[in-house]
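Observations on chain architecture
The primary structure of each chain is shown beneath.
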Amino acid sequence: MTAAGPNAQHRQTLPDFGSRPDGELEQLQRIWRQPPGWRFLTVVNNTHIGLLYIGTALLFFLLAGILALLMRTQLAVPENDLLDHDLYNQIFTMHGTVMMFLFAVPAVEAMGVLLLPNMLGARDLPFPRLSAYAYWAYAVGGLAFFCSLFYGLAPDGGWFMYPPLTSYRYSPGVNADLWLLGIGFIEISAIAGAIEIVIGVLRTRAPGMTLDKMPVYAWVMLVFAGMIIFAFPAVILGTTLLELERSFHWPFFIAGKGGDPLLWQHLFWFFGHPEVYIIFLPAAGMVSMIIPAMTGTPLVGYRMVVLALIGTGFLSFGLWVHHMFATGIPQLSLSFFSAASMAVTIPSGIQMFAWIATIAAARRMRPLKVPMLFVLGFFFIFVLGGLTGVMVAVVPFDWQAHDTYFIVAHLHYVLFGGMVFPLFGAFYFWAPFVSARPLSERLGRWAFGLMFVGFNVAFFPMHITGLAGMPRRVYTYSESLGWGSLNMVSTIGAYVIAAGVLVFLIDLALHFRPTGGKNAGNIWSAGTLEWLPSYSHGTRSIPIVTSREPLWDQPGLAEHVDAGRYHLPNAPTGGRETIVSSPIDARPQYLLQMPGPSWLPLLAALGTAGFFLLLTVRLVVPAIACGALAVAMTLWWMWNTDPGPSQPPVDIGGGIMLPVYLNGGSSHSWWAMVILLMVSGSVFGSLLFSYLFLWTAAPGGWPAGDALPAPAWPMASAALLLTSGGCIAYAGRRLNSAAAQWPFRLAMPAAIALLAAALGAEFHGQWRTGLRPQDSGYGAVIYTLIGLQGFFVAVLLAMGSYTVARSLAGLLGAQRRVTFDNTLLLWYYTLAQGLIGLALVHLFPRLIG
């Protein structure tokens, strides 16, 4: 169903794509068909992976909700003995951890995986096996982590895991290790999904979909993924440091040995506060898609909304000390972060006013449907949460409300109101996109009503109990304190929320029918591309886009697309393909050949999960075996994903011939490697921050210049690094010569050996001074810097060996060098990281001394 929208004055001159021969649609459906039976586990395309992702995230939402009901039941009356304090600590830790790490971020990332290809006019995301790997790693690791609760091994230090409480002295069991290794592993999965989203948005848009014609949701997911790329590495580093402290007694957070427990808070909240907006922004993007469809009016202030999204993402990285006002940090820092906490409300306000203006600009109000009800509920709840956020941004008030139930209320008004209500609205809005039947209006209204009323009954009284002095994270309280009646009200509200969620689940069971064929269609008369007729492979053909609401502004678009009168109406290479376009103006550049179903991502994910989980229980040899399995499966799947220029340019319709392969900066995989290096740089930057922070915390523990290794050692290490760079540059030049493969094959191992020698020189120089990582925070951070460099050397050893193997197999050369180009990027990054580390460790103490 196509509706004429308010911008229908746009008209398109359709290129002469010609009539299409019979059998093309059947060919596409055969190529993209879902594997039957158990082979369903091998699916990799976004529709199936996205639905699996969303279903698993909803499962974790339900599990965390059950834990919340247990907590609320325990607190319903004073001096309750339903749960003892140990079990209660495990339950509230798991509730927060599961909601934040296993539901909130994966749910919004899953929606992006499901929606973005169709919304952008692509067949699939550019790395389908990476999406599958990210999903299976998340699902297997998350379920194994949750099951620790049934064996008394669940973490009990809070979802924030503050040391020294969670260090080896006060938490000697494996409970904390399960959190540290499990969550660090799950965050790696989130980063993999973020890289997929960035490349998908920038490089696989339909022809003509320039940046200013992208749907707001695509902008949102681009900002969302960018925030994950720069925020999540901090918590990955933090969990690594705490695990090193617990396992090997490296004192990063022990004040008596030159560490500082506040370092954990800085690393954790540098991730934790941006995560609030990582969760909120995709939900806001969903609202920006739902309101125009429900009102039949384009979003008012599109450019301002996009700028507000970018501004929110930028400002969110300046707010982490918002959570540390009570830690005794200097007054100047308090003032800066208090102002930043208030400033971030401005871009949020811009979006709110744009939504209200869009509703007001509607020429005629359509009947109030369930998606819009959830949006209106979001307005009410999120605004209240924002107001209390401004309150706790005022430092004196925060000192009074800190660690009380006022903060619990604020947190849930922001996160539940700002994310869960838009997400449920999105479920009702986009269900017809993936289901043969829409969800029920009647049941949807009941679900909304129960959730809205239950939420406010549950959480609004917590503002009052918090101001009355009730601390958070207590498992019981005395009747004489007078909190009993308000806690009973909150408990009743929690069960009302559960009733609303139950109604939603009943609605899903009765009406949700996922289909790889014909869906329920564009029942909302929306204007964006995901509402085109679609199949398991997306749309029949990839359209040319001339506006932000092409279904409103390009009459007959749906019929032309479904008739195959646009780009790529067939499978010219005989396999799965999509168009890779330029990042700014979306001009077609080449045809990407994509892999089909495979067991390899699942096996790699199982190996990765086994590696981290077995390390937790100190089963080192089986863990190494699982890690080797993960690496082997990953290399195997990569081997077949670089087909090279296997055939001449192909016709994608409209007289356009595209190559099937490009090298260098035009390759989508080159862009992905650049994004991965940004992640690596964020980890390294967080470690440099840790070094400098510990120096400010314990300057007396830092060695003077004469206590450092002799200058000959760092100079030798730097010289070896630079020589390695020259060697790899020589290898790149020789690769361009078909007759000079052996010099290339010899130069690669030589470059690796030089990298390893540089690492050994630095390690030996430090060891000769008597410095040991267990002795001080300084020693711990120095050897962590060496260890990080060693990790990259090991990765380059694997990638270099893989590159040489492809050369020996005849799969690498001047015209087929993507594998080497990506290795080269990581090589130069490793050189730069090594040189910067040497400068900091050896020059900085001498300069300040």
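Remember, predicted model here, so these are calculated numbers, not experimental data.

Looking only at helices and strands, the protein chain features 24 helices and 6 strands. On C-alpha atoms alone, the protein chain measures out to a radius of gyration of 28 Å, which is about the 29 Å that the 2.2 N^0.38 rule sets for 849 residues. Summarising its shape, the C-alpha atoms of the protein chain cover approximately 85 × 80 × 50 Å along the three principal directions. Partitioning the contacts of the protein chain with sequence separation of at least 6, the portion at a separation of at least 24 is 81%. On the protein chain, roughly 30700 Å² of surface is accessible, and the fraction owed to carbon and sulfur atoms is 69%.

Attention now moves to the nonpolar core. Ranked by size, the top nonpolar core spans 262 residues in total, and within it Phe103, Met111, Phe268 and Trp430 carry the most contacts. Among the elements that take part in this core, helix H3 (residues 85–120) stands out by supplying 22 residues, more than any other. Within the second largest apolar cluster, 8 residues are counted, among which are Ile31, Ala571, Val580 and Met594.

Moving on, we come to the side chain of His273. Relative to the helices and strands, His273 is located in helix H7 (residues 261–295). Given the relative accessible area of 8%, His273 is considered buried. Those residues in contact with His273, other than ones at most four positions away along the chain, are Ser316, Leu319, Trp320, His322 and His323.

What follows covers helix H9 (residues 331–343). Taking 1.5 Å of rise per residue, the 13 residues of H9 would be expected to cover 18 Å, and the 18 Å separating its terminal C-alpha atoms lies within 8% of that figure. All of the buried residues along H9 are Leu334, Phe337, Ser338, Ala340 and Ser341. What you see down the axis of H9 is that its buried residues fit within an arc of 165°, all on one side. Across H9 from its buried face, at more than 90 degrees, point the exposed residues Leu332 and Phe336. Looking at the packing, one finds that the buried side of H9 touches helix H10 (345–361), helix H11 (370–393) and helix H12 (395–401).

This paragraph deals with unusual backbone geometry. In this structure, the amide linkage connecting Pro163 to the following residue, Pro164, adopts the cis form with an omega of 5°. Tracing the backbone shows Pro164 in the loop between helix H4 (128–147) and helix H5 (175–203). The residue Glu79 is not glycine, and still its phi comes out positive at about 55°. Position of Glu79 among the secondary structure elements: in the loop between helix H2 (46–75) and H3.

Here we come to the packing of aromatic side chains. Here the structure, examined in full by the defined rule, presents 70 aromatic pairs. Ring geometry for Phe61 and Phe103: centres 4.7 Å apart, planes at 40°, overall tilted. One end of the pair, Phe61, is in helix H2; the other, Phe103, is in helix H3, with 42 residues separating them in the sequence. Judged by its relative accessible area of 5%, Phe61 is buried. Look at Trp695 and Phe844: their rings are 5.0 Å apart centre to centre, the planes differ by 80°, and that puts the pair in the edge-to-face class.

Here we take up the pattern of salt bridges. For the structure shown, the criterion picks out 9 salt bridges. The closest approach of N and O atoms between Asp821 and Arg817, which form a salt bridge, is 2.9 Å. The residues Asp821 and Arg817 share a single accessibility class, namely buried. Via salt bridges that share partners, Asp177, Arg246 and Arg618 belong to a single interconnected network.

So, on to the environment of Leu658. Tracing the sequence through the fold places Leu658 in strand S6 (residues 657–658). Spatially, the C-alpha atom of Leu658 lies 54 Å from that of Leu67, the residues being 591 residues apart in sequence. Discounting chain neighbours no more than four positions away, the residues touching Leu658 are Ile579, Pro588, Gln589, Tyr590, Leu591, Pro649, Val650 and Ile652.

This part is about the packing of helix H22 (residues 741–768) against helix H23 (residues 777–808). Axis separation between H22 and H23 bottoms out at 10 Å; the angle between their running directions is 170°. Relative to H23, H22 is oriented roughly antiparallel. A class-by-class count of the residues in the contact of H22 with H23 yields 17 nonpolar, 7 polar and 2 charged.

Time to look at the confidence of the model for the protein chain. When pLDDT is averaged along the protein chain, the result is 91, and 96% of the positions lie at 70 or above. Every residue in residues 1–12 scores below 50 in pLDDT, and together they form 27 contacts with partners more than four places removed in sequence or on other chains.

A few words now on the environment of Thr515. Note that Thr515 resides in the loop between helix H15 (484–511) and strand S1 (534–535). With a relative accessible area of 27%, Thr515 lands in the partly exposed category. For the pair Thr515 and Thr47, spaced 468 residues apart in sequence, the C-alpha to C-alpha distance is 9.6 Å. Sequence-distant contacts of Thr515, that is, excluding residues within four places in its chain, are made with Val434, Ser435 and Ala436.

Once that is clear, we can look at the state of the cysteines. The final tally for this structure, using the stated rule, is 0 disulfides. With no disulfide of its own, Cys626 lies closest to Cys147 among cysteine sulfurs, the gap being 17 Å.

On to the pairing of strand S3 (residues 576–581), then. Burial within S3 is extensive, with 6 of its 6 residues counted as buried. Pairing geometry for S3 and strand S4 (residues 588–594), over 6 bridges, is antiparallel. Directly across from Arg576, in S4, lies its bridge partner Met594. The loop that links S3 with its antiparallel partner S4 comprises 6 residues; one of these, Ala586, has a positive phi angle of about 55°.

This part covers the side chain of Ser547. Locating Ser547 in the fold gives a position in the loop between strand S2 (538–539) and helix H16 (550–553). The class of Ser547 is buried, set by a relative accessible area of 5%. Within polar-contact distance, the side chain of Ser547 engages the backbone nitrogen of Glu549 at 3.5 Å. Side-chain polar atoms of Ser547 contact the side chain of Asp553, separated by 2.7 Å. What Ser547 contacts, discounting residues up to four positions off in sequence, is Lys213, Asp553 and Gln554.

Turning our eyes to something else, we now look at a nonpolar patch on the surface. A cluster of nonpolar side chains, Trp38, Trp599, Leu603 and Leu606, forms an exposed patch at the surface whose accessible area comes to about 450 Å². Structurally, the position occupied by Leu603 is in helix H18 (residues 600–616).

Criteria and thresholds
Residues numbered from 1 in each chain as written. Predicted model: local features only at pLDDT ≥ 70, side-chain atom pairs only at ≥ 80, totals over all residues. Heavy atoms only, no water. Helix = DSSP H or I, 4+ residues; strand = E, 2+ residues; numbered from the N terminus. Rg over C-alpha atoms; globule rule 2.2 N^0.38 Å. Contact = heavy atoms within 4.5 Å. Areas by Shrake-Rupley, 256 points an atom, 1.4 Å probe, with all protein chains shown as cover. Core = buried A, V, L, I, M, F, W, Y, C linked by side-chain atoms within 4.5 Å. Buried < 20%, exposed > 50% of the residue type's maximum accessible area, 1.4 Å probe, protein only. Expected span 1.5 Å × (residues − 1). Arc of directions from axis to C-beta. Phe/Tyr/Trp six-rings, centres within 6.5 Å; stacked < 30°, edge-to-face > 60°. Salt bridge = Lys/Arg side-chain N within 4 Å of Asp/Glu carboxyl O. Axes fitted to C-alpha atoms, helices over the stretch in contact; angles between N-to-C directions. Parallel < 35°, antiparallel > 145°, perpendicular 65-115°, else oblique. Nonpolar A, V, L, I, M, F, W, Y, C, P; charged D, E, K, R; others polar. pLDDT = per-residue confidence, 0-100. Disulfide = S-S within 2.5 Å. Pairing = 2+ DSSP bridges. Polar contact = N/O pair within 3.5 Å; in protein donor to acceptor, adjacent residues only side chain to side chain. Patch = residues over 30% accessible without salt bridge, like charges linked within 9 Å, V, L, I, M, F, W, Y side chains within 5 Å.

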